[in-house]
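# Breakdown of the fold
Here is what each chain is made of, one letter per residue.
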Amino acid sequence: MTAEPSQPVPLRASDADREAVVAELQEAAADGRIDLDELGTRLEVALAARTHAELAPLTADLLPVLPPAQPLLVKGGMAGAVRDGIWRVPAQIRAYGGLGGVKIDFTRVECRLRVVEVEVNGGAGGVEIVVPDGWVVETGEVDPGLAGLRNRTTAERLPGSPLIRLSGDCGMGGVTVRHPKRGERRKLQRESR
């Protein structure tokens, strides 16, 4: 007697999953890809969805019309490079420390993505990545090289916040991932007033 294969169990959707679908639907309506009536209908289904299988059809026909954007390239060179302030985060970033090092600061960015791929090469100057509280950084695909990887972030992910997925190597300069320091936090608070 052979056992029949069991049916796959539908995966439960989280609040973050529902919020991401809602954001994608709102963006599609703003772009004119769906009208307001269709937006309302899809939003009702999205907010009531309990599984990924219920969410998937809501955005299946909303693939971006434009090809994916080129990765953001940040090269440290001799003098170093800093990417900070208010900027829109692309799906892929490549950071090369060179001799002067690279700093990428995500604390004031606009990011609607669930996952951001960041390829690092520490070079001699290293790469420093600053993420807001609640963002999680996955570092399993990073080769520690000579200087190593220092991940000083917490593993607690806030709903709707992106996951930063690091890959590459630390080189001689190393790679540091951290949350804002005390002085940086004070500066952010002053700017938000």
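Scope of this entry: the structure provided in the associated data block. For clarity, every value in this text was computed on a predicted model and none was experimentally measured.

Conventions used here
- Residues numbered from 1 in each chain as written.
- Predicted model: local features only at pLDDT ≥ 70, side-chain atom pairs only at ≥ 80, totals over all residues.
- Heavy atoms only, no water.
- Pairing = 2+ DSSP bridges.
- Helix = DSSP H or I, 4+ residues; strand = E, 2+ residues; numbered from the N terminus.
- Core = buried A, V, L, I, M, F, W, Y, C linked by side-chain atoms within 4.5 Å.
- Buried < 20%, exposed > 50% of the residue type's maximum accessible area, 1.4 Å probe, protein only.
- Contact = heavy atoms within 4.5 Å.
- Axes fitted to C-alpha atoms, helices over the stretch in contact; angles between N-to-C directions.
- Phe/Tyr/Trp six-rings, centres within 6.5 Å; stacked < 30°, edge-to-face > 60°.

This part is about the pairing of strand β9 (residues 163-169). Summarising the sheet, strand β5 (residues 115-121) and β9 pair through seven bridges and their orientation is parallel. Within the sheet, the bridge partner assigned to Val 118 lies in β9 and is Leu 166. Two strands pair when backbone bridges link them, and strand β7 (residues 136-143) and β9 are joined in this way by six bridges, in the parallel orientation. Paired with Glu 138 across the two strands is Arg 165, which belongs to β9.

Next up on the list: the nonpolar core. The biggest cluster of nonpolar side chains holds 26 residues, and the ones touching the most others in it are Ile 93, Phe 106, Val 118, Ile 164 and Leu 166. Secondary-structure elements contributing two or more residues to this core are β1 (72-75), β3 (92-96), β4 (102-105), β5, β6 (127-130), β7, β9 and β10 (175-178). Ranked by residue count, the leading element in this core is β5, at three residues. Non-local contacts of Phe 106, meaning those with residues more than four positions away in its chain, are made with Trp 87, Val 89, Ile 93, Val 118, Ile 129, Val 130, Val 131, Pro 132, Trp 135 and Ile 164. Residues Ala 13, Ala 28, Leu 39 and Leu 62 belong to the second largest nonpolar core, which totals 14 residues.

Strand order in the open sheet formed by five strands is β1-β3-β5-β9-β7, and the pairing between neighbours is parallel. Every interior strand has two partners, whereas the edge strands, β1 and β7, have only one. Ignoring strand direction, the axes of neighbouring strands in this sheet form an average angle of 15°. As defined by bridge partners, β1 adjoins β3 across four bridges and the pair is classed as parallel. Paired with Leu 73 across the two strands is Arg 94, which belongs to β3.

On to the packing of aromatic side chains, then. Scanning the model with the defined rule gives two aromatic pairs in all. Between Trp 87 and Phe 106 the ring centres are 5.5 Å apart and the planes differ by 40°, which places this aromatic pair in the tilted class. Of the two residues, Trp 87 sits in the loop between β2 (81-83) and β3 while Phe 106 sits in the loop between β4 and β5, which places them 19 residues apart along the sequence. Among the residues examined, Trp 87 registers a relative accessible area of 6% and is labelled buried. For Phe 106, a relative accessible area of 1% translates into the label buried. Each ring, one from Phe 106 and one from Trp 135, has its centre 5.6 Å from the other, and the planes form 45°; the classification is tilted. With a gap of 29 residues between them, Phe 106 in the loop between β4 and β5 and Trp 135 in the loop between β6 and β7 connect regions that are remote in the sequence. In terms of burial, Phe 106 and Trp 135 fall into one category: buried. Cluster of aromatic residues (ring-pair linked, three or more members): Trp 87, Phe 106 and Trp 135.

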